[in-house]
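Listed below are the residues making up each chain.
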Amino acid sequence: MSSLLGGLNQWRHRLSVPQFTAVTGVLVIGFGTILLASPACSTDDVGLWEALFTVTSAITVTGLSIIDVSRDLTWFGQGILAGLIITGGLGLMAITTFLQGFVQGKSGLRHRLDKGRSLDEFGVGGIGPTFNRILLTAFCFMGMGTVLLYAFGFSDIRNPAERLWAALFHCISAYNNAGFGLWGDNLVHYRDNPWVNGVIGTLIVMGGLGWRVSNELWSNRKSLLKLQFKRFSLHSRLVVRSTLILICLGAIGLLITEHFASDGVIQTLPFWSALQVTLFQSITTRTAGFNTVPLSLETFSDAALLLMIVLMFIGASPGGTGGGIKTTTMAVLIGATRSTLEGKEEVIIRKRRLDDSLLLKAVGITLASLVFVVLMTLLLGLGPTTGGESSVKAFSFLEKLFTCMSAFGTVGLDLGVTAQLNRWGQLVLMVGMFVGRMGILLLLSAILGSRPQPRMGYPREDLYL
């Protein structure tokens, strides 16, 4: 027994940061599954498989679900679910890297630098203070949102305790970009409520920006009020600009596509109500997974669903609580394309030259993510993926692609496909959620390990593109 423990201890110390992150994520999912499947947390309708899917969706802050949260989970179970969302949303990588300092017991400069990079280069001053500030910022946003939703948003809920819990749970889910709701129709009942739309939408955006950007915005709030942006880093400027552009383009795009659609759910709404719906849907599509109108092939056109797939693929920003390839990755690719068209040999963005390694990383993330989503869609199409009932209609390619992109982008929007999948299809989605939340390059690094840079140089040769 002692030799086994000794071997495990040595293996634990040899784990790299990506490997430790992936292993810890699997362990947290396993522990949460056992806990959520217990009678104290759920009804008899929730077995180990349903609990496993729900916990994986919560830890990866996706929001896809095969259970009814309000009906199948007890109050204690809903509290556990909220805790799992916080654990995954505030950065599983940040949490595990923070814990690694105690597990491995190493505090050299090289290891502190490595851990700083894992937290999006927050610095070498230690993980503890940074992590505490991340938590403080998150709880301030969620606390303010809870007060506003309790006072104005969910005023139709008569029971004060139920109203408080509904406000708190949805703020936790919104800031962490999880998309879990306490009601079967999500937020459809509050489609025209400006407080619910405003508070939930704001929390989604702030959670998706990341702590580094929100901290820089707060530190330079006087310059922000004066519309002076020179004090801000290129990263923060790109993140904020990309986020605003994507929100506006998404809302306008949905308005246009649904204007020309027939029998769309938005087409029958008054203009201002339709604008509020499309604006909220544009915000939530990239990361969160909430919806204020029913989502299906009958309620949205194919063009709108394709636009949503693109938004889900881009996702949130680095260090945020959302998924996707990230806004900065898309900004680097657009900058590289523009530099190529202008005949430049370097990537220039906002009068700043980017290192070639950033371009390689952006291309690698985008290509690997595309290949992985295509592979997910192919696997989902192997054999019958429905629950096995002959009366169930086979899913279309668009439904499969949309669901796979929603899982990989940790969005959680569903066309009614997830609950009807058999266990093979749901397993594909669980793997996609885990890979999407951890980051595809992080998972590849955990599997392949780090390789030393070759000391020899190679001759250069041109290719025709």
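See above for the structure.
Residues numbered from 1 in each chain as written. Predicted model: local features only at pLDDT ≥ 70, side-chain atom pairs only at ≥ 80, totals over all residues. Heavy atoms only, no water.

1. Comments concerning a positive patch on the surface
(1) Moving on: Where like charges cluster on the molecular surface, the positive patch consists of Lys 230, Arg 241, Arg 338, Arg 350, Lys 351 and Arg 352.
(2) Moving on: Structurally, Lys 230 is set in the loop between helix H12 (221-225) and helix H13 (234-259). (Patch = residues over 30% accessible without salt bridge, like charges linked within 9 Å, V, L, I, M, F, W, Y side chains within 5 Å. Areas by Shrake-Rupley, 256 points an atom, 1.4 Å probe, with all protein chains shown as cover. Salt bridge = Lys/Arg side-chain N within 4 Å of Asp/Glu carboxyl O. Lys, Arg positive; Asp, Glu negative; His and termini not counted. Charge placed at Lys NZ, Arg CZ, Asp CG, Glu CD. Helix = DSSP H or I, 4+ residues; strand = E, 2+ residues; numbered from the N terminus.)

2. Some words on the nonpolar core
(1) Moving on: One finds Ile 200, Phe 300 and Phe 402 to be the most contacted residues of the largest nonpolar core, which totals 103 residues.
(2) Moving on: Tallying contributions element by element places helix H9 (residues 160-175) first for this core, with eight residues.
(3) Moving on: Excluding residues that lie within four positions of it along the chain, Ile 200 makes contacts with Leu 149, His 170, Ala 174, Leu 187, Phe 280 and Phe 290. (Core = buried A, V, L, I, M, F, W, Y, C linked by side-chain atoms within 4.5 Å. Buried < 20%, exposed > 50% of the residue type's maximum accessible area, 1.4 Å probe, protein only. Contact = heavy atoms within 4.5 Å.)

3. What to know about helix H19 (residues 423-438)
(1) Moving on: Over its 16 residues, H19 extends 22 Å from the first C-alpha to the last, a length consistent with the 22 Å expected when each residue adds 1.5 Å.
(2) Moving on: In terms of residue burial, H19 counts as a mostly covered element, since twelve of its 16 residues are buried.
(3) Moving on: Among all positions in H19, only Gly 425, Gln 426, Val 428, Leu 429, Met 430, Gly 432, Met 433, Phe 434, Val 435, Gly 436, Arg 437 and Met 438 are buried.
(4) Moving on: Backbone geometry just downstream of H19 places Gly 439 in the positive-phi region, at approximately 100°. (Expected span 1.5 Å × (residues − 1).)

4. Some remarks on a nonpolar patch on the surface
(1) Moving on: Residues Leu 382, Trp 424, Leu 427 and Val 431 make up a contiguous nonpolar surface patch of roughly 360 Å² in combined accessible area.
(2) Moving on: With respect to the element layout, Trp 424 can be found in helix H19.
(3) Moving on: The exposure class of Trp 424 is partly exposed, given its relative accessible area of 38%.

5. Brief notes about the side chain of Asn 177
(1) Moving on: Within the secondary structure, Asn 177 is located in the loop between H9 and helix H10 (194-209).
(2) Moving on: With relative accessibility at 0%, the residue Asn 177 sits in the buried group.
(3) Moving on: When near neighbours in sequence (up to four residues on either side) are disregarded, Asn 177 contacts Val 61, Leu 203, Ile 204, Gly 207, Gly 208, Thr 287, Ala 288, Thr 321, Gly 322 and Thr 410.

6. Side note on the side chain of Ser 339
(1) Moving on: Structurally, Ser 339 can be placed in helix H16 (residues 327-341).
(2) Moving on: The exposure class of Ser 339 is buried, given its relative accessible area of 3%.
(3) Moving on: In this structure the side chain of Ser 339 is engaged in a polar contact, spanning 3.5 Å, whose partner is the backbone nitrogen of Ile 348. (Polar contact = N/O pair within 3.5 Å; in protein donor to acceptor, adjacent residues only side chain to side chain.)

7. A few points about the environment of Gly 143
(1) Moving on: Secondary-structure assignment places Gly 143 in helix H8 (residues 127-153).
(2) Moving on: On the basis of relative accessibility, which here comes to 32%, the residue Gly 143 falls in the partly exposed class.
(3) Moving on: Each C-alpha atom, one on Gly 143 and one on Cys 171, is 8.0 Å from the other, the two residues being 28 residues apart in sequence.

8. A word on the packing of helix H3 (residues 48-59) against helix H5 (residues 75-89)
(1) Moving on: Put simply, H3 and H5 touch, their axes get as near as 7 Å, and they point 40° apart. The orientation of H3 relative to H5 falls into the category oblique. For the pair formed by H3 and H5, the contact residues are Thr 54, Val 55, Ala 58 and Ile 59 on the first element and Leu 81, Leu 84, Ile 85, Thr 87 and Gly 88 on the second.
(2) Moving on: Counted by class, the contact of H3 with H5 contains six nonpolar, three polar and no charged residues. (Axes fitted to C-alpha atoms, helices over the stretch in contact; angles between N-to-C directions. Parallel < 35°, antiparallel > 145°, perpendicular 65-115°, else oblique. Nonpolar A, V, L, I, M, F, W, Y, C, P; charged D, E, K, R; others polar.)

9. Some thoughts on the packing of H5 against H9
(1) Moving on: Look at H5 against H9: their axes get within 9 Å of each other, and the N-to-C directions meet at 25°. One way to sum up the angle between H5 and H9 is to call them roughly parallel. The chirality of how H5 crosses H9 is left-handed. On H9, the residues that touch Trp 75, Gln 78, Gly 79, Leu 81, Ala 82, Ile 85 and Ile 86 of H5 are Ala 161, Glu 162, Trp 165, Phe 169, Ile 172 and Ser 173.
(2) Moving on: The residue inventory of the contact of H5 with H9, partitioned by class, reads nine nonpolar, three polar and one charged. (Left-handed = near helix turned anticlockwise from the far one by under 90°.)

10. Focus on the packing of aromatic side chains
(1) Moving on: According to the stated counting rule, one finds eight aromatic pairs in the structure shown.
(2) Moving on: Note on Phe 154 and Trp 183: the rings are 5.5 Å apart at their centroids and 85° apart in plane angle, and the pair reads as edge-to-face. Of the two residues, Phe 154 is situated in the loop between H8 and H9 and Trp 183 in the loop between H9 and H10; the sequence distance between them amounts to 29 residues.
(3) Moving on: Judged by its relative accessible area of 28%, Trp 183 falls in the partly exposed class.
(4) Moving on: Here a set of aromatic residues connected by ring pairs shows up, and it is made of Phe 154, Trp 183 and Tyr 190.
(5) Moving on: Lying over the aromatic face of Tyr 150, Arg 163 brings its terminal NZ or CZ to 4.8 Å of the ring centre. (Phe/Tyr/Trp six-rings, centres within 6.5 Å; stacked < 30°, edge-to-face > 60°. Lys NZ or Arg CZ within 6 Å of the ring centre and 35° of its normal.)

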